[in-house]
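Tertiary structure, described
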Amino acid sequence: MATSLTKDSAGSGTEKTFFGHPRGLATLFMTEMWERFSFYGMKALLPLYLVAPGGMNMNAATATAIFSIYMAMVYLLAMPGGWFADRLWGPRKTITIAALVIMAGHITLALPGQAMFFLGLVLVAIGSGLLKANISTMVGHLYDGPDDPRRDGGFTLFYIGINLGAFIAPLAIGTVGEKVNWHLGFALAAVGMGLGLVQFLLGGRHLSERSAVVPKPVEKPELMGLLRKAMLWVIAAVVFYGVTVATGVYTLNWATVPIALLGLVIPITVLARIKRDKELSQVEQSRMTAYIWFFVAAAVFWMIFDQGASTVALFGKNSTDTTILGFDFPVSWYQSVNPVLIMALAPVFAWLWLALNRSGKEPSTVVKFASGLVLIGASFFVFLMPLTMAADGEKVGAYWMVAIYFMHTVGELCVSPVGLSVTTKMAPQKYASQMLGVWFLAVTAGDCTTSLLSTAGVDLNKTGVVGMEATLAVIAGLAVYMYRNKVKTLMGDVN
């Protein structure tokens, strides 16, 4: 990666930098790029493998339910991932362990057998959850506090690394998995994570010493108490599922439904616990009331957005013409559309918000959120057209898929960065370090809703269901817009 020789921030000498940023950013950029390579490669392959005759040979509803649960667990486990870094290992050690767990998961997925598949899926979800929030924390450690003028630019470069890995992954892992061998594709994802881990370990000397510190070490009595509770839950689960298997009543729904229900109960419980906290000031209570509006809106958004890799992708597999100029491209390549559009459009949106701000016309956070919801709903109204055209078995053009993903991307740029920003601004002081984990729970809630619908037998590829989801999102967006003044009042001085 490009480096240059510049004065350091203290002006005391010269050191190599990464595009004017601390050298450690190159290490974290490459680590995250390769981790996202493995994650998005897995994301592109998973739904296709689940329905493939040479894979798990499941129906679309079951495949969507499993995929949605997997995505939900990655974001749900980001909260305990933060706890392990804050209380037990520190961010640097947590990321090293997370990378090893992710590699083990992909290697396990590369082995044949249903048991190996589900074990591998669990390991990848656990590892991704451990890594997700902590590597962003380490990027922040490279700078001299929140007022460092290089900080925003550093996170922008880091975001490019995420999307670069996400763009390359379907082209490489997807091609190998679909065209050569599914298990070899999963193995290639393990290689990607391995390259990221090597980069992380070799470049460790450039990282901040703060990243190796455990901010609030857990006391031994508390740790032992948590271990006892965890063991009781594990024993209870083993006994329960052992009985269901032994009596012959076990089906896959016995695993997916409880997890999906937990994915809805936990976000509600966490938000209710924070909202009921008597230690919060009146201003913080008001902001949390406003935040619930954003949270619910985000859950609806991610419910539809993440179907781009399941419901929409499976439609692409069955009903789109994947031939361009005589070349038949793998269906998984559709998953590269969103990250390449993000890289192209993110700078445009950043410029647009600044330009509007200078002229006093920048939309408020509430209006941006409402716009994102309307756009994601509109994308599914667009989806209705190729669904209808393909009803008689006719293949439709790939441009329909590109149009849907384009609308997803524009909606994401209105919701995702804005949601992260408003989460940090509105977080009560007591929960400042936990609120990003709470934000990720919106993704969990959205994906778990999708999983429950699929498990209940709802065909998400039917025009009626797609139209209902589109209408729900548009109505939610309009409701947020209509009540924007009320929400802005609850937000207080947060814009």
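Residues numbered from 1 in each chain as written. Predicted model: local features only at pLDDT ≥ 70, side-chain atom pairs only at ≥ 80, totals over all residues. Heavy atoms only, no water.

Turning to the nonpolar core, a few remarks are in order. Of all hydrophobic cores here, the largest spans 103 residues; its most connected members are Y70, Y291 and M491. When residues in this core are grouped by element, the largest group, 13 residues, is from helix α10 (residues 282-305). Sequence-distant contacts of Y70, that is, excluding residues within four places in its chain, are made with F39, M42, L46, L121, V124 and A125. Counting residues in each nonpolar core, the second largest holds 21 residues, with M33, L131, M138 and F158 among its members. (Core = buried A, V, L, I, M, F, W, Y, C linked by side-chain atoms within 4.5 Å. Buried < 20%, exposed > 50% of the residue type's maximum accessible area, 1.4 Å probe, protein only. Helix = DSSP H or I, 4+ residues; strand = E, 2+ residues; numbered from the N terminus. Contact = heavy atoms within 4.5 Å.)

Another point: unusual backbone geometry. The backbone of N57 shows a phi angle near 55°, a positive value even though the residue is not glycine. Mapped onto the fold, N57 is located in the loop between α1 (24-51) and α2 (60-76).

All right, on to the packing of α1 against helix α4 (residues 91-109) then. Direction vectors running N to C along α1 and α4 enclose 35°, while the axes themselves pass 12 Å from each other. The two elements α1 and α4 cross, and the hand of that crossing is left-handed. Seen from α1, the contacting residues are E35, S38 and M42; seen from α4, they are I102, H106 and L109. Its residues assigned to classes, the contact of α1 with α4 shows three nonpolar, two polar and one charged. (Axes fitted to C-alpha atoms, helices over the stretch in contact; angles between N-to-C directions. Left-handed = near helix turned anticlockwise from the far one by under 90°. Nonpolar A, V, L, I, M, F, W, Y, C, P; charged D, E, K, R; others polar.)

This part takes up α4. In this model α4 runs 27 Å from its N-terminal to its C-terminal C-alpha over 19 residues, within 8% of the 27 Å that 1.5 Å per residue would give. For α4, the set of buried residues is P91, T94, I95, T96, A98, A99, V101, I102, G105, H106, T108 and L109. In this structure, the buried side of α4 is in contact with α1, α3 (78-89), α5 (114-141) and α7 (182-202). (Expected span 1.5 Å × (residues − 1).)

What follows covers the side chain of E469. For E469, the position within the fold is in helix α16 (residues 463-482). Here E469 occupies a buried position and makes no salt bridge, while the nearest side chain of opposite charge, K462, is found at 13 Å. In this structure the side chain of E469 is engaged in a polar contact, spanning 2.6 Å, whose partner is the side chain of Q307. Setting aside residues up to four positions removed in sequence, E469 forms contacts with M303, I304, Q307, F380 and L460. (Lys, Arg positive; Asp, Glu negative; His and termini not counted. Salt bridge = Lys/Arg side-chain N within 4 Å of Asp/Glu carboxyl O. Polar contact = N/O pair within 3.5 Å; in protein donor to acceptor, adjacent residues only side chain to side chain.)

What follows concerns the confidence of the model for the protein chain. When pLDDT is averaged across the protein chain, the result is 89; 96% of the residues are at 70 or more. Highest mean pLDDT in the protein chain belongs to α4 (95); lowest belongs to strand β1 (residues 4-7) (42). Per-residue pLDDT stays below 50 along residues 1-14; that stretch engages in 25 contacts with residues further than four places along the chain or on separate chains. (pLDDT = per-residue confidence, 0-100.)

Among the secondary structure elements, D447 is positioned in helix α15 (residues 435-455). Comment: no salt bridge for buried D447; closest opposite-charge side chain is K43, at 7.9 Å. For D447, the contacting residues outside a window of four places in its chain are S68, M71, A72, W302 and D306.

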